[in-house]
Amino acid sequence: MSIPLQFAESMELSDKLSSDPKLRIEQLRKIIRTAEARANELMIGDITDAERTKRRVIACCVLAGILVAYFFVFRKIFRIFTPPKSILGVKQETWGFRRHVWAYMLLVPAVLTILMWQYLPLARGSVMAFQDYKIIGKSIFVGVDNFGNLIVDSYWWASIWNAFRYSMLVISLTFLPPMILAILLQEVPKGKLLFRMIYYLPAVISGLVTMLLWKQFYEPSEFGALNQIILSIPAAGFIGIGAILMIICFMFARRLAFYRLWSVMVIFIIVGFILFGAVSALAFPVLFPGHESIGQTLSQFFPRLIQTNSEPYRWLFNPNTAMIACVIPMVWAGMGPGCLIYLAALKGIPEDYYEAADLDGATFIDKILFVVFPTLKALIVINFVGAFISSWYASTGNILVMTGGDAATKTETAGLYIWYKAFTYLNFGPATAAAWMLAFILIGFTVYQLQILSKVEFKNAGATEKK
Amino acid sequence: MSIISTIGRKSLKVRCLIWSIYLVLTLGALTMIYPFWLMISGTGKSTTDVSELKLIPAYLVDDDAYYRKTVASLFNEAIVTAQMLYNKPMHDFRQLEIPTDLKEKLCKDWEEFLDKRNFPFYYYMLGHSHATVSNNTRPENFRNYKDALFEEFNGDLSAMNDAKGTEFATWNALMVNEQPFTARRTIPNPTVKYNEEWYMHKGTAPKHHRIYSNASGFFKGSFLFPQYSKDIANYNKSHKTSYKSYEDFELTRRFPAKGTKKEQEDWEFFVREILNLFWIRVDASQNPHFQAYLRAKYHNIASLNKIYRTKYKSFAQIKLPTEIPAPYHGAQISDFGEYLKGWVDPVDKKLYKAPAKSIYLCSVEFIFRDFLKEKYKTVAAMNKALGTKYTSFEQVNIPQWEYHYTKIMADKSHQRWEFMTRNFKTVFAYIALQGRGVINTVIYCVLAVLCALTFNPLAAYALSRFQLPSTYKILLFLMLTMAFPQMVTQIPNFLMMRELGLLNTFGALVLPGLANGYSIFLLKGFFDSLPKELYESAMLDGASETRIFLQITMSLSKPILAVIALNAFTHAYSNFMMALLICQDQNMWTLMPWLYQLQQSSCQAVIYASLIIASIPTFLIFMLCQNVIMRGIVVPVEK
């Protein structure tokens, strides 16, 4: 019910609603009609026979695709994990139960647990995808209809797109900070312990609470904690911060140019510009108010640099900021715990590497680029893939608390779509079908993850550290 | 071992680099601490400063803010009551004036007067006894009352409910609703033993927490302001008077014979209909009239005695009440009320109504004026002794406002400490009274940690030590579920628990997480990296497999096991949704669901306090085990 209202509110706030009463009513009607059609489809699910057949055919194709994909994936994973054949060509035992009774006994609890609490529910859950599942009463098989309906549901694809946006934001914002923090912490001669403790602070409150806390900071009035800070920084401040970030990127680019790594250099330059643009965008409402000529804007440019923005941000209600507002708390809370593993890894880099680099006249940036990164590559890749996959699956709770994931703020991600289907509309069948579809989209990354995992071994890097 | 080389550290460039790193880290640290700091300073907030975002709460440094906050708490956060009992127009505690003239001598007289008279409980309201706006904040006087009850019944709630005639579901549900007995409809109800206990408790609370009801303030605050607004011009217009402000006149003790017609009407209506009977008396000269009224109503003394439960011999024995006796309600008292309002005999249509001129008021301010009159005899003598400039005793108002100000200012450290800690005390009491909450949490966390430290290492050991020919197959089996969407398994998982009858057991919380493919994979990798020579020498020395496992593998992997244990603990401790979903029986609730429930109905300050308390265990463990954790982190390296 509140979705059309929110749409109308956000349109009004962005001056999209016409001031002509007739047009205005027409616009509002359109919003309500869209919402009505959506509600009808969700609740009643009425569609024509021709449409139904069409959907079934598409669904069958997609399902076949999923099956084939999973088949190849499993073959691939199986190969990855199979150790190379013994060189001597001796026929190896396949199981060796008799010889290793005790070992197998030790494995029984773990295997049983995973079989019972992961495989069994998975199987049951998969059956649900083909059912019109009822909690009470008999569930009926509906074949591939759940998949068919999903494929033509524009909201589902919109939610996939939102999930993609969310994932990109999470990766770009939460992946690098822990690494940078670890490098900085490593460099500090004194106070390492204190800083580490401070940065770990947010991790002591659970995830849900972090979100609730930040929701209060995001209060859309000028009394909100975050608005108070943002509104007290003059335009020049944002441009300055943006410029510093850009310069740091350019410094890296310069060193890369020195080593003729052109493609990486170009990436750094682009990232620099993006950072500058993103940070200084906060100053734009002050510098370019919009409703005036270019001459006026230019003549006012310098005096405006020291002015502050007076319009409070509606963080969670504005579609432009809502998604990023959902991610910022994750950056805040994830930095400290995330940096621990990098810190451990950094400690594991032998001193000789740095010494050798020093002898070659390497700068600080050189050492980060050519000593730290290559050594930590395995860790970085594993973390990256892990973060990427979990950003698709684990978006539910955060966004649910923050915005409720409504369509007006464009924050309904695929995870949330499934959650709503399952727990609000109690459509477990379609929800499970959607979950399988999402997994299908991500299957390539999962395989890649397993592939890397099979190639690395885990070392306790900190164990060698002398206290 | 740092990127910046140890040579050349003193050069300007390197120094700048190090200092800028410090700067960035400090800025970052500030953004980490700021929200926490806000949370901590937010734990003391109440209605006056809830929207404030100061790092150091104003009530700690600013006396005015402290005073206003304390007054808000004193009046149990009810602004209307404050307006009424202070006899002052105000909209908000934040706008409350600070007294400039403290009237110290008058206050001393006031204190002396109160000590001498020792008024019963219904003369005053006890402050700091509940919070109308800040939900779930439990001020000190209420906490003391609850603790006293808890001690009296040794924590047995049902015994308390039986004895005190209440039906509280938990100790945390206990509450009082303290209000001044100014309006006629608000009357104390001592027939409920719980209330009676509270009325008795009121007497034991600090005396400066009492706020005395007075008819004058009630007259203005609840009668004049709502009718004629706080603007004196409106009042003058409708009453044909010419006051400069509301402070120019007070409610008179007797019918204002000299006032304008509208003023007289107001006085009569207010006294006859609205003011509580506690504060109204009728001259003894009206006794015959009153007796005639009762005779007309009851006809004979027997029926009156039956209803009154008295033993009067004749109507002539009945006198107009000189005080309202306990239990403060009943026929006797309502008859008096009707006599004030006017009662029409249904038979002969005769009106019995106390004559306006015979009614007089006896609330605290009038008794106080009598006291002053008795003490100083003349106004001049009083002015001389007190250094005031009154022209008559009627101008003297009770100096409650000034008296409270002095007392509040003298009580600064205690009251500030109370503000800072009271919500923490509330949350601690809440946790302590939720019976099994703490025990459940401990059991769950210990079980979770133990399970994480047994099954995963055992499986990993089996895979690593014995070089099973099928190792990769088993590992694959254990890890393959990573490729499937977790959301698919959630609902069937719940259904399975229900079918197995595991709901509301620790089993449901612990069993599904007993083994984890990824952890086994990690541990196996780590065990593989332990030196093989150790095993060989141990076997040569004839050590048993159990001994090898415990003394070599496990003891060499202490740090990594510590990390696993910590993760298991954190997960179990903060596991809230599952705990709530699987264990819907409140006896099985861990701390998190309880705190969540507390937060649902609480104000911001209590929520913050509960969050801080909830995060203490995790933080302590991290702080104490920091070094072990750092050593236990495993890092992937390419083979």
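Residues numbered from 1 in each chain as written. Chains lettered and ligands numbered in written order. Predicted model: local features only at pLDDT ≥ 70, side-chain atom pairs only at ≥ 80, totals over all residues. Heavy atoms only, no water.

S.K.: Sorry if this is basic, but what is going on with the overall build of chain A here?
M.R.: When helices and strands are tallied, chain A shows 20 helices and three strands. In terms of principal-axis extent, the alpha carbons of chain A reach across some 85 × 75 × 40 Å. Per-residue burial for chain A yields a buried fraction of 44% across its 467 residues. Contacts spanning at least 24 positions in sequence make up 71% of the contacts within chain A whose residues lie at least 6 apart. Carbon and sulfur atoms form 69% of the exposed surface of chain A, whose accessible area is close to 24,400 Å². Taking the average place of the 40 positive charges on the side chains of chain A and the average place of its 29 negative ones, the gap between the two points comes to 9 Å. (Helix = DSSP H or I, 4+ residues; strand = E, 2+ residues; numbered from the N terminus. Buried < 20%, exposed > 50% of the residue type's maximum accessible area, 1.4 Å probe, protein only. Contact = heavy atoms within 4.5 Å. Areas by Shrake-Rupley, 256 points an atom, 1.4 Å probe, with all protein chains shown as cover. Lys, Arg positive; Asp, Glu negative; His and termini not counted. Charge placed at Lys NZ, Arg CZ, Asp CG, Glu CD.)

S.K.: Looking at this structure, I do not really get the interface of chain A and chain B. What am I missing?
M.R.: Many analyses report the size of an interface as the accessible area lost when the parts associate. Contacts between chain A and chain B engage 112 residues on the former and 97 residues on the latter. With both sides pooled, the region where chain A packs onto chain B buries about 10,100 Å², and carbon together with sulfur makes up 76% of that total. Linking chain A with chain B are one salt bridge. Note that A:Arg124 and B:Glu499 form a salt bridge whose closest N and O atoms lie 3.1 Å from each other. Where chain A meets chain B, there are eight residue pairs in polar contact (both at pLDDT 80 or more). Of all the elements, helix α4 (residues 101-128) of chain A adds the most residues to the side of chain A that touches chain B, at 21 residues. Among the residues making up the side of chain A that touches chain B, the classes are represented as 78 nonpolar, 20 polar and 14 charged. (Buried area = accessible area lost by both parts, 1.4 Å probe. Salt bridge = Lys/Arg side-chain N within 4 Å of Asp/Glu carboxyl O. Polar contact = N/O pair within 3.5 Å; in protein donor to acceptor, adjacent residues only side chain to side chain. Nonpolar A, V, L, I, M, F, W, Y, C, P; charged D, E, K, R; others polar.)

S.K.: Can you help me understand helix α25 (residues 545-556) of chain B in this one?
M.R.: The α-helix winds at 3.6 residues per turn, so residues separated by three or four positions along the chain end up facing the same way. Residues and elements named next belong to chain B. Its twelve residues give α25 an end-to-end C-alpha distance of 15 Å, which sits within 8% of 16 Å, the value for a rise of 1.5 Å per residue. Listed as buried for α25 are Ile 548, Phe 549, Ile 552, Thr 553 and Met 554. For α25, the angular spread of the buried residues around the axis is 165°, confining them to a single face. Those residues of α25 that are exposed and angled more than 90 degrees off the buried face are Thr 546 and Gln 551. In this structure, the buried residues of α25 make contact with α19 (437-465), α23 (517-528), α24 (532-540) and α26 (558-574). (Expected span 1.5 Å × (residues − 1). Arc of directions from axis to C-beta.)

S.K.: Would you explain the environment of B:Tyr246 in this entry?
M.R.: Looking at the secondary structure, you find B:Tyr246 in the loop between α10 (232-239) and α11 (261-274). Each C-alpha atom, one on B:Tyr246 and one on B:Pro89, is 8.7 Å from the other, the two residues being 157 residues apart in sequence.

S.K.: How should α11(B) be read in this particular structure?
M.R.: A rise of 1.5 Å per residue sets the reference length of α11(B), with its 14 residues, at 20 Å; its end C-alpha atoms lie 19 Å apart and thus fit the reference within 8%. Of the residues making up α11(B), those classed as buried are B:Glu263, B:Gln264, B:Asp266, B:Trp267, B:Phe270, B:Val271 and B:Arg272.

S.K.: What should I look at first to understand a positive patch on the surface in this one?
M.R.: All names here are of chain A. Residues Arg 75, Lys 76, Arg 79 and Lys 455 make up a contiguous surface patch of positive charge. Examining the composition of the positive patch, we find that three residues originate from one element, helix α3 (residues 49-81), more than from any other. By the element assignment, Arg 75 lies in helix α3. Judged by its relative accessible area of 39%, Arg 75 falls in the partly exposed class. (Patch = residues over 30% accessible without salt bridge, like charges linked within 9 Å, V, L, I, M, F, W, Y side chains within 5 Å.)

S.K.: Honestly, the domain arrangement of chain B in this entry has me stumped. Any pointers?
M.R.: Looking at chain B, the domain boundaries give domain 1 (61-83 + 98-211 + 408-430), domain 2 (215-381) and domain 3 (434-632). Here domain 2 of chain B and domain 3 of chain B have C-alpha centroids that lie 73 Å from each other. (Domains from an automatic or database assignment.)

S.K.: In this structure, what is going on with the environment of B:Asp162? I would like to understand it.
M.R.: Residue and element names in this part refer to chain B. Assignment of secondary structure puts Asp 162 in helix α7 (residues 157-164). Exposure remark for Asp 162: the relative accessible area of 67% places this residue in the exposed category. Placed 134 residues apart in sequence, Asp 162 and Gly 28 show a C-alpha to C-alpha distance of 57 Å.

S.K.: Can you walk me through the pattern of salt bridges in this structure?
M.R.: Side-chain pairing between opposite charges can occur once the charged atoms of the two side chains come close. Residue and element names in this part refer to chain B. Taken as a whole, this structure holds 29 salt bridges over all chains when the rule is applied. A salt bridge links Glu 97 to Lys 88, with the nearest nitrogen and oxygen atoms 4.0 Å apart. Assessed through its relative accessible area of 10%, Lys 88 is described here as buried. Here the salt bridges share partners, and the residues they tie into one network are Asp 109, Glu 112, Lys 116 and Lys 375.

S.K.: Would you mind showing me how to read the side chain of A:Asn162 here?
M.R.: All names here are of chain A. Secondary-structure assignment places Asn 162 in helix α6 (residues 154-174). Among the residues examined, Asn 162 registers a relative accessible area of 8% and is labelled buried. If we skip the residues at most four places from it in the chain, Asn 162 touches Met 323, Lys 410, Thr 411, Glu 412 and Thr 413.

S.K.: What is the right way to read the packing of aromatic side chains from this model?
M.R.: In this description, a pair of aromatic rings is defined by centroid distance and the angle of the planes. Residues and elements named next belong to chain B. This structure, assessed with the given rule, holds 78 aromatic pairs over all chains. Residues Tyr 235 and Tyr 243 carry aromatic rings whose centres are separated by 6.3 Å and whose planes lie at 35° to one another, so their mutual orientation is tilted. What makes Tyr 243 partly exposed here is its relative accessible area of 24%. Here Phe 569 and Tyr 573 contribute two aromatic rings whose centre-to-centre distance is 5.6 Å and whose plane-to-plane angle is 15°, an arrangement assigned as stacked. Of this pair, Phe 569 and Tyr 573 both sit in helix α26, separated by four residues, roughly a single helical turn. (Phe/Tyr/Trp six-rings, centres within 6.5 Å; stacked < 30°, edge-to-face > 60°.)

S.K.: I'm lost on the nonpolar core in this one. Help?
M.R.: By size, the foremost hydrophobic cluster in this structure holds 129 residues, and its most contacted members are A:Phe147, A:Trp156 and A:Leu438. For this core, the element with the most residues is helix α20 (residues 428-455) of chain A, which contributes 15 residues. Sequence-distant contacts of A:Trp156, defined by excluding residues within four places in its chain, comprise A:Leu150, A:Ala414, A:Tyr417, A:Ile418, A:Ala434, A:Met437 and A:Leu438. Within the second largest apolar cluster, 109 residues are counted, among which are B:Phe75, B:Leu126, B:Trp343 and B:Leu372. (Core = buried A, V, L, I, M, F, W, Y, C linked by side-chain atoms within 4.5 Å.)

S.K.: Can you help me understand unusual backbone geometry in this one?
M.R.: Both trends apply: most residues other than glycine have a negative phi, and most peptide bonds are in trans. Residue and element names in this part refer to chain B. Not every positive phi belongs to a glycine, and Asn 76 is a case in point at roughly 55°. By secondary structure assignment, the location of Asn 76 is in the loop between α3 (63-74) and α4 (79-85). Note on Asn 76: relative accessible area 1%, which makes it buried. A positive phi angle, close to 50°, is found at Lys 103, a residue other than glycine. Note that Lys 103 resides in the loop between α4 and α5 (104-117). Exposure remark for Lys 103: the relative accessible area of 28% places this residue in the partly exposed category.

S.K.: Please explain the confidence of the model for chain A as it appears in this structure.
M.R.: Close reading of the predicted structure is inappropriate where its pLDDT is low. On average, residues of chain A score 82 in pLDDT, and 92% of them reach the 70 mark or higher. Confidence over residues 463-467 of chain A falls short of pLDDT 50; this stretch has four contacts with residues more than four positions distant or in other chains. (pLDDT = per-residue confidence, 0-100.)

S.K.: Honestly, the packing of helix α7 (residues 176-187) of chain A against helix α8 (residues 192-200) of chain A in this entry has me stumped. Any pointers?
M.R.: For any two helices packed against each other, one specifies the crossing angle of their axes together with the interaxial distance. Residues and elements named next belong to chain A. At their nearest, the axes of α7 and α8 sit 9 Å apart, and the two run at 155° to each other. Judged on the interaxial angle alone, α8 and α7 are roughly antiparallel. Seen along the crossing, α7 lies across α8 with a hand that is right-handed. Seen from α7, the contacting residues are Leu 181, Leu 185 and Gln 186; seen from α8, they are Lys 192, Phe 195, Arg 196 and Tyr 199. When grouped by side-chain class, the residues that make up the contact of α7 with α8 number four nonpolar, one polar and two charged. (Axes fitted to C-alpha atoms, helices over the stretch in contact; angles between N-to-C directions. Parallel < 35°, antiparallel > 145°, perpendicular 65-115°, else oblique. Left-handed = near helix turned anticlockwise from the far one by under 90°.)

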